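Residue-level listing of the chains:
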Amino acid sequence: MDKFQKKMKDAGLTEAAIAAFRMNYDQLAGGATGLLPEKEIDAVPELPKLIDLKTSDGVDKKELLSATAVLKLNGGLGTSMGLEKAKSLLIVKDNKTFLDLIAEQIKYTRKKFDSNVRFVLMNSFSTSDDTKEHLSKAHKDLIGEEDVELLQNKSPKVDAKTLEPASWPQDPDLEWCPPGHGDIYSSLLGSGMLDRLIKSGIKYLFVSNSDNLGATLDLDLLAYFASSKKGFVCEVAERTAADKKGGHLAKRKSDGRLVLRESAMCPDEDKGDFENISKHKYFNTNNLWVNLPSLKATLDKSKGVLQLPLIKNKKTVNPRDSDTPAVFQLETAMGSAIECFNDAGAVVVPRDRFAPVKTCNDLFALRSDVYEVTKESTVVLAVPSCPMIKLDDKHYKLVDKLEALTDAPPSLIACKSLTVKGPVKFVKGVVIKGDVTFENEGKEPVSLERKTYENTTEKLGQTKAKETAPVGAQPAYA
């Protein structure tokens, strides 16, 4: 560990960041499996539901908001979608980016309630410059605020054979990796921001991902959290059959604390129980509420480090070259901090508070008329449920390819499902109703006609004129 400590100190990382890495490394070197067997947990009983909470009635909203900060996780580049800038700078709706909509939500809340709710972006080294440049142009009133940026730490990669610091002189930047969003706690502590926020009267912190436009500052949730006096509350949603492979909330038998069990933590023999959505009903939306004085006390009690379960990712030192040496990337998840608080809780929220944009299928739907932007700059469904979108990964997985094949998004307001196989180009005036499939077996894109397609499977390219999509189209960044 001494070599890691020296490397991190030389890179200017804080003692809090080094302590957090040490805990992760000790788990790795000690052979911790991270498994949580079914026999050690109970299912979580019924939980309070947001739909039943009217706790903001009669509350001094101005005072409550003045004690609140909104923190958005903004460290991701969206590499799985082919992006090279901060994902939050992708244009998603009405020529606005994720970041624009988030900033406008904050400013609307401030104006409506005459209250200076604080705003923080947790950037990574990869997203900091692009994000601040955009804010300085589009939201000058925010960029100059105190503590608008919390910079995520970085962690040294671990050589999988020797468990020593990975070395890659050809590109030393590849010796480092993101520590996962569980780093938020050591970043708050090590940067001094936690103490500064508390000193300025901030008690409540709402945390969510910047690509989840459903995660807005809800006053009923805020009032409930404040009145509950809990140190930590996690927003959860009810699992469906589509969620059975993902993690769930549980209660640990040994101490009665709430815990999050991810699939990698489940022994093979317990997979049946893990996927039983009638037994384990809830999953974590990654929308969290943290009482800052309680967090400070918990950190002080645990010598500045929350005991978060290790997430061990085995990769190669150069992720684009499978022939380079194998490494471990040590990460933690912020939601797992729920087990670090004696008085943690959870609230069941509707699925519309969990609407992350993780794929181009999600982005395609978001840019259509299925979603609309409200006066509060929130993005809401214009229909009871979003249609199922399945675009051919070969042609639409990356944003630049999606945009080369989409002159304008179709109307999906009456669509139940849309499946696209092969390269199909969407033009202005296309309307999709019911269940529609487009198939093009050719290599060249085929443009749709400007008309309504309803409950049909269209085989294209056989008699239609072929049209080539523009080459080299760039993702629509702001």
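Residues numbered from 1 in each chain as written. Predicted model: local features only at pLDDT ≥ 70, side-chain atom pairs only at ≥ 80, totals over all residues. Heavy atoms only, no water.

**Student:** Explain the state of the cysteines here, please?
**Tutor:** Should the sulfur atoms of two cysteines be covalently bonded, the bond is a disulfide. Using the criterion set out here, one finds zero disulfides in the structure. The thiol sulfur of C386 is not disulfide-bonded, and the nearest other cysteine sulfur, from C415, lies at 8.6 Å. (Disulfide = S-S within 2.5 Å.)

**Student:** Which parts of the structure should I look at to understand the packing of aromatic side chains?
**Tutor:** The description of two aromatic rings rests on the distance between their centres and on the angle between their planes. Scanning the model with the defined rule gives eleven aromatic pairs in all. Ring centres 6.2 Å apart and planes at 50° place the aromatic pair F225 and W289 in the tilted group. One end of the pair, F225, is in helix 9 (residues 219–228); the other, W289, is in strand 14 (residues 282–291), and 64 residues separate them in sequence. With a centroid separation of 6.2 Å and an interplanar angle of 75°, the aromatic rings of F426 and F438 are classed as edge-to-face. Remark: F438 occurs in strand 23 (residues 431–440) and F426 occurs in the loop between strand 22 (424–425) and strand 23; sequence separation between them is twelve residues. Three or more aromatic residues link up through ring pairs in this structure, and these residues are Y204, F206, F225 and W289. Sitting over the face of the ring of F274, R239 holds its NZ or CZ atom 5.6 Å from the ring centroid. (Phe/Tyr/Trp six-rings, centres within 6.5 Å; stacked < 30°, edge-to-face > 60°. Helix = DSSP H or I, 4+ residues; strand = E, 2+ residues; numbered from the N terminus. Lys NZ or Arg CZ within 6 Å of the ring centre and 35° of its normal.)

**Student:** What is the right way to look at empty space enclosed by the protein in this model?
**Tutor:** If you roll a probe as big as a water molecule over the atoms, it shows you where there is empty space left. Inspection of every chain in the model, using the stated rule, returns two cavities of 30 Å³ or more. Of the volumes computed, that of the largest cavity is approximately 200 Å³. Mapped onto the lining of the largest cavity, the elements with two or more residues apiece are helix 2 (15–29) and helix 7 (184–191). For the lining of the largest cavity, the element with the highest residue contribution is helix 2, accounting for five residues. Estimated volume of the second largest cavity: approximately 30 Å³. Surrounding the second largest cavity, I184, Y185, L188, L205, V207, L288, V290, L295 and M334 form its lining. Sort the elements by how many residues they give to the lining of the second largest cavity and helix 7 lands first, with three residues. Tallied by class, residues from the lining of the second largest cavity come to nine nonpolar, no polar and no charged. (1 Å grid on protein atoms, 1.4 Å probe; cavity = no way out; pocket = protein on both sides within 12 Å on 5 of 7 lines; lining within 4 Å. Points joined across faces, edges and corners; volume = space filled by probe spheres on them. Nonpolar A, V, L, I, M, F, W, Y, C, P; charged D, E, K, R; others polar.)

**Student:** Would you mind going over the environment of K390 with me for this structure?
**Tutor:** Inspection of the secondary structure puts K390 in strand 20 (residues 388–391). Its relative accessible area of 42% is what places K390 among the partly exposed residues. Sequence separation between K390 and T457 is 67 residues; the distance between their C-alpha atoms is 14 Å. The contact partners of K390, leaving out residues within four places of it in the chain, are N361, L418, T419 and V420. (Buried < 20%, exposed > 50% of the residue type's maximum accessible area, 1.4 Å probe, protein only. Contact = heavy atoms within 4.5 Å.)

**Student:** Help me understand the pattern of salt bridges in this model?
**Tutor:** Where charged atoms from two side chains of opposite charge approach closely, those side chains can pair. Counted according to the given criterion, the structure contains 30 salt bridges. Where R261 meets E38, a salt bridge forms, and the shortest distance between an N and an O atom there is 2.6 Å. Here R261 is found in strand 13 (residues 258–261), whereas its partner E38 is found in the loop between helix 2 and strand 1 (41–42), with 223 residues between them in sequence. Note on accessibility: R261 and E38 belong to one class, buried. Note that R351 is salt-bridged to D243, the shortest N-O span being 2.7 Å. Linking R351 in the loop between strand 17 (345–348) and helix 12 (360–366) with D243 in the loop between strand 11 (232–238) and strand 12 (248–252), this pair joins segments that are 108 residues apart in sequence. Judged by its relative accessible area of 38%, R351 is partly exposed. (Salt bridge = Lys/Arg side-chain N within 4 Å of Asp/Glu carboxyl O.)

**Student:** Which parts of the structure should I look at to understand helix 7?
**Tutor:** All buried positions along helix 7 are accounted for by I184, Y185, S186, S187 and L188. Looking one or two residues beyond helix 7, the residue adopting positive phi is G192, at roughly 85°.

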